[in-house]
Amino acid sequence: MNMMKNVKFLKCIQCGKEYPALPDATTCLCGGILDVVYDYDYIKTKLNKVVLSKRNDQTMWRYRELLPIEEDTSPEGLRVGNSPLYESPRIAEDLGTKQLYVKDDGFNPTSSLKDRASAMAVTKAKEAGYSTIACSSTGNAASSLAGNAAAAGLSTYIFVPARAPKGKIAQLMMFGANLTAVDGSYEETFDLSKKAIDKYGWYNRNAAINPYLSEGKKTVALEICEQLNFEAPDYVAVSVGDGCTIAGVYKGFYDMFSVGLTDKIPRLISVQAEGCCPINTAVTSGQPWTPQQENTFADSIAVGVPRNADKAIKAIIDSNGICVNVSDDEIKEAQKYLAKNSGVFAEPAGATATAGLIKLSLEGKLDKNAVIVSIATGNGLKDIDSAIKTVGEPIHCKNDLKEFEEKFNL
Ligand SMILES: *Cc1c(COP(=O)(O)O)cnc(C)c1O
Ligand SMILES: [Zn+2]
């Protein structure tokens, strides 16, 4: 039974069929993805700027009126959310725009934005009475689920492509996940996880299958609004793989607008890798999306068969968004640029949004009077091998001041 006064029902984004908001709901009978539909009139009576300003909770749950959890649920586990929003006048100047902010979501407990979805998944699994939770992932959803489940006392079965970077594998092993590294693409990884979940009936934390994950991810947008004093930015740049993140970002801004806390919805800038851009290709061509190869070193967005393409495409179009594809070299340059100019060391997919902004700026397509937020979705320490390849080895020197001075031309 739905015990959530703030949620009306779940609605299929494909055929419109409505379902009760059960904690273990998955997809529509037609295969379409479900969206959580809120009662904004009810929420408006509970949530406003004064209520928020007096609230001590510094986690994503401070927005609980806009989240699909039962009124008597008290989420426990890791401290997710409230990541910093850094203003960078230097980057704004380089890009030729008015204001530029970096939202550092690598600041989350397992070092990626995925913690927002995993904290939600763990909370819903507990509401539904499950003790085991499973997912497939390019890496971050997996390590974040393992960490959040460990904190909440749930066990996990997790599937990642064998190519996942070592840092993420190390997290998974440390958190005690029942981990399978699948020798194959992300698509095959997802497929194996689906077969196992169908057979064993574990709680499903797969992106797009579980309608509550985007709702967790949207808290990044709710925070951005509050951090900007309820002035929504003009543009928000997001890197896109499965499409759950950008769909969640849209939903968060849509919620804020719908309850009257902000007066506009930002235009989304969807950034994908040139070697794997099925969602952007669909939006720019106006055709349905088709599978692509996974040709990029930015592992978190190497998603050839996006699971949440429909919601993502809708989010980009509804926000009057912009699509931009970047090469691996452009991502590497952006990763270095972002770290050096803002102090935020992001993993490749975490710097991809910035790569998109740099590209738009070079092409003269960036609005000069805009307030822009670039979301850094994951921390760079997760993938040290690729980082060292990008920046090279350090200068070596013996304990000899002269040699040191020569090396640095001092
Ligand atoms: C998962 C992820 C993305 C993309 O999110 P999707 O929901 O797959 O589109 C971007 N960056 C990082 C670091 C991620 O882990
Ligand atoms: Zn349907």
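Numbering of residues begins from 1 in every chain and follows the order in which that chain's sequence is written. Going through the entries in the order they are written, you letter the chains from A and number the ligands from 1. Where totals are concerned, whole chains, interfaces and linings use all residues; where local detail is concerned, this predicted model gives features only for residues with pLDDT of at least 70, and gives and counts side-chain atom pairs only at 80 or more. With hydrogens and water stripped out, all remaining heavy atoms of the structure feed into the side-chain values.

Asks: Could you clarify how one ought to interpret the nonpolar core in this entry?
Replies: Ranked by internal contacts, the top residues of the largest apolar core, which has 75 residues, are I158, V249 and I375. Secondary structure counts use DSSP, requiring at least four H or I residues in a row for a helix and at least two E residues in a row for a strand, with both numbered from the N terminus. Per-element accounting of this core gives the leading share, 6 residues, to helix α4 (residues 114–127). Aside from chain neighbours lying at most four places away, what touches I375 is K103, L113, V220, I224, V236, A237, V238, V249, G350 and A353. Only buried residues count toward a nonpolar core. Its members are Ala, Val, Leu, Ile, Met, Phe, Trp, Tyr and Cys residues joined through side-chain atoms within 4.5 Å. The classification of residues rests on relative accessible area computed with a 1.4 Å probe and restricted to protein chains. Under 20% of the type maximum is buried, over 50% is exposed, and intermediate values are partly exposed. Counting residues in each nonpolar core, the second largest holds 32 residues, with A92, F297, V326 and L366 among its members. Note on contacts: a residue pair qualifies if any of its non-hydrogen atoms lie within 4.5 Å across the two residues.

Asks: Just to check I follow, could you spell out the coordination of the zinc ion (ligand 2) for this structure?
Replies: The reference angle at a metal is 109.5 degrees if four donors form a tetrahedron and 90 or 180 degrees if six donors form an octahedron. Keep in mind that water is not among the atoms, so a site may look incomplete; donors are the N, O and S atoms within 2.8 Å of the metal, or 3.2 Å for Na, K and Ca. Only C12 (SG), C15 (SG), C28 (SG) and C30 (SG) from the protein reach the zinc ion (ligand 2) as donors, at distances of 2.3 to 2.4 Å. Every geometry call rests on angle ranges, with four donors termed tetrahedral when all angles are between 85 and 135 degrees, four termed square planar and six termed octahedral when opposite donors are over 155 degrees apart and all others are between 65 and 115, and everything else termed irregular. Angles of 104 to 119° at the metal separate the 4 donor atoms of the zinc ion (ligand 2), which places the site in the tetrahedral class. Mapping the donors of the zinc ion (ligand 2) onto the primary sequence yields the spacing C-x2-C-x12-C-x1-C. Residue class for C12 comes out buried when judged on its relative accessible area of 3%. Judged by its relative accessible area of 46%, C15 is partly exposed.

Asks: Please explain the layout of surface pockets as it appears in this structure.
Replies: Here the term cavity refers to a set of points on a 1 Å grid, laid over the protein atoms alone, in which a 1.4 Å probe fits but cannot get out; the term pocket refers to an open set having protein on both sides within 12 Å along at least five of seven lines, with lining residues being those that place an atom within 4 Å of a point. Grid points are joined across faces, edges and corners, and a volume is the space filled by probe spheres set on the points. If you add up the space inside the largest pocket, you get close to 420 Å³. As for the largest pocket, its lining consists of 19 residues, of which I13, D35, Y250, K251 and K314 are closest to the centre. Broken down by secondary-structure element, the contributors of at least two residues to the lining of the largest pocket are β1 (7–12), β3 (34–38), α8 (213–217), α10 (244–258) and α12 (309–318). It is α10 that provides the largest number of residues to the lining of the largest pocket, a total of 5 residues. Polar here means any residue other than Ala, Val, Leu, Ile, Met, Phe, Trp, Tyr, Cys and Pro, which are nonpolar, and Asp, Glu, Lys and Arg, which are charged; Gly is therefore polar. By residue class, the composition of the lining of the largest pocket is 10 nonpolar, 2 polar and 7 charged. What the second largest pocket holds in volume is close to 230 Å³. Around the second largest pocket, the lining is made up of 14 residues, and of these G31, I33, A208, P306 and R307 lie nearest the centre. At the level of secondary structure, the elements contributing two or more residues to the lining of the second largest pocket comprise α7 (186–200) and α12. Residue composition of the lining of the second largest pocket, grouped by class: 8 nonpolar, 3 polar and 3 charged.

Asks: Explanation requested: the site of ligand 1 in the structure shown.
Replies: Lining the immediate surroundings of ligand 1 are 16 residues, of which K114, N140, G243, T245 and T377 lie closest. One of the backbone N or O atoms of D242 is found 2.8 Å from an oxygen atom in ligand 1. Taking 380 Å² as the accessible area of ligand 1 by itself, protein coverage stands at 98%. Residue composition of the shell around ligand 1, by class: 4 nonpolar, 8 polar and 4 charged. In this text, near means that some heavy atom of the residue lies within 4 Å of the molecule or strand in question. By the criterion applied in these results, polar contacts are pairs of N or O atoms within 3.5 Å in which, for protein atoms, one can donate a hydrogen and the other can accept it, and in which residues neighboring in sequence qualify only through two side-chain atoms. Areas reported as accessible are Shrake-Rupley estimates using a 1.4 Å probe. Residue values count occlusion only from the protein chains shown.

Asks: Where do I start with the sheet that holds strand β9 (residues 203–204) in this structure?
Replies: Strand pairing within a sheet occurs via backbone hydrogen bonds; the two strands may be parallel or antiparallel. Read across the open sheet, the 4 strands follow the order β8-β7-β6-β9; overall the sheet is parallel. On the outer flanks of this sheet lie β8 (178–182) and β9, each paired with one strand and no other. Here helix α5 (residues 140–152) sits on the sheet in contact with β6 (132–136) and β7 (155–161), set at roughly 170° to β7. When DSSP locates at least two bridges between a pair of strands, those strands are taken to pair. All axes here are fitted lines through C-alpha atoms, helices being fitted over the stretch that makes contact, and every angle between N-to-C directions spans 0 to 180 degrees.

Asks: Teacher, can you tell me more about the environment of D115 here?
Replies: On the secondary structure map, D115 appears in helix α4. With sequence-adjacent residues up to four places away left out, D115 is seen in contact with V80, N108, P109, T110, S144 and N148. A polar contact is formed between the side chain of D115 and the side chain of T110, at a distance of 2.7 Å.

Asks: I'm lost on a nonpolar patch on the surface in this one. Help?
Replies: Nonpolar side chains (Val, Leu, Ile, Met, Phe, Trp, Tyr) are joined into patches within 5 Å and like charges within 9 Å, using only residues with over 30% relative accessible area and no salt bridge. Throughout this description, the term salt bridge denotes a Lys or Arg side-chain nitrogen within 4 Å of a carboxyl oxygen of Asp or Glu. On the surface, F345, L381, I384, I388 and V391 cluster together into a nonpolar patch covering about 430 Å² of accessible area. Tracing the chain through its elements places I384 in helix α15 (residues 384–391).

Asks: Is there a simple way to think about the environment of V240 in this case?
Replies: Examined against the element boundaries, V240 turns out to sit in the loop between β10 (235–239) and α10. Between the C-alpha atoms of V240 and N148, which are 92 residues apart in sequence, the distance is 23 Å. Contacts of V240, omitting those with residues within four sequence positions, involve I246, S270, V271, Q272, I279 and I301.

Asks: Whenever I open this one, helix α11 (residues 278–285) confuses me. Can you help?
Replies: Those residues of α11 lying buried are P278, I279, N280 and A282. On the buried face of α11, the contacting elements are β11 (267–273), α12 and β12 (322–326). Directly after α11, the chain includes G286, whose backbone phi takes a positive value near 75°.

Asks: What should I look at first to understand α15 in this one?
Replies: Two residues of an α-helix separated by three or four positions point the same way, owing to the 3.6 residues in each turn. Taken as a whole, α15 has its buried residues at S386, A387 and T390. For α15, the buried positions fall inside an angular range of 100° around the axis, keeping them on one side. Exposed residues on α15 whose side chains face more than 90 degrees from its buried face are D385 and K389. Buried residues along α15 sit against α13 (328–342) and α14 (348–362). Think of it as the arc spanned by the lines of direction from the helix axis to the C-beta atoms.

Asks: Explanation requested: the side chain of N280 in the structure shown.
Replies: Mapped onto the elements, N280 comes out in helix α11. A relative accessible area of 1% places N280 in the buried class. A polar contact is formed between the side chain of N280 and the side chain of S270, at a distance of 2.6 Å. Non-local contacts of N280, meaning those with residues more than four positions away in its chain, are made with S270, V271, Q272, I316, C323, V324 and N325.

Asks: What am I meant to see in the sheet that holds β12 here?
Replies: The 6 strands are arranged β4-β5-β13-β10-β11-β12 in an open sheet whose pairing can be described as mixed. The sheet is open, and its two borders are formed by β4 (85–87) and β12, each paired with just one other strand. Geometrically, the sheet is characterised by an average inter-axis angle of 25° between neighbouring strands, direction not taken into account. Along the sheet, α14 contacts β5 (99–104), β10, β11, β12 and β13 (371–376); its crossing angle with β12, the most-contacted strand, is approximately 105°.

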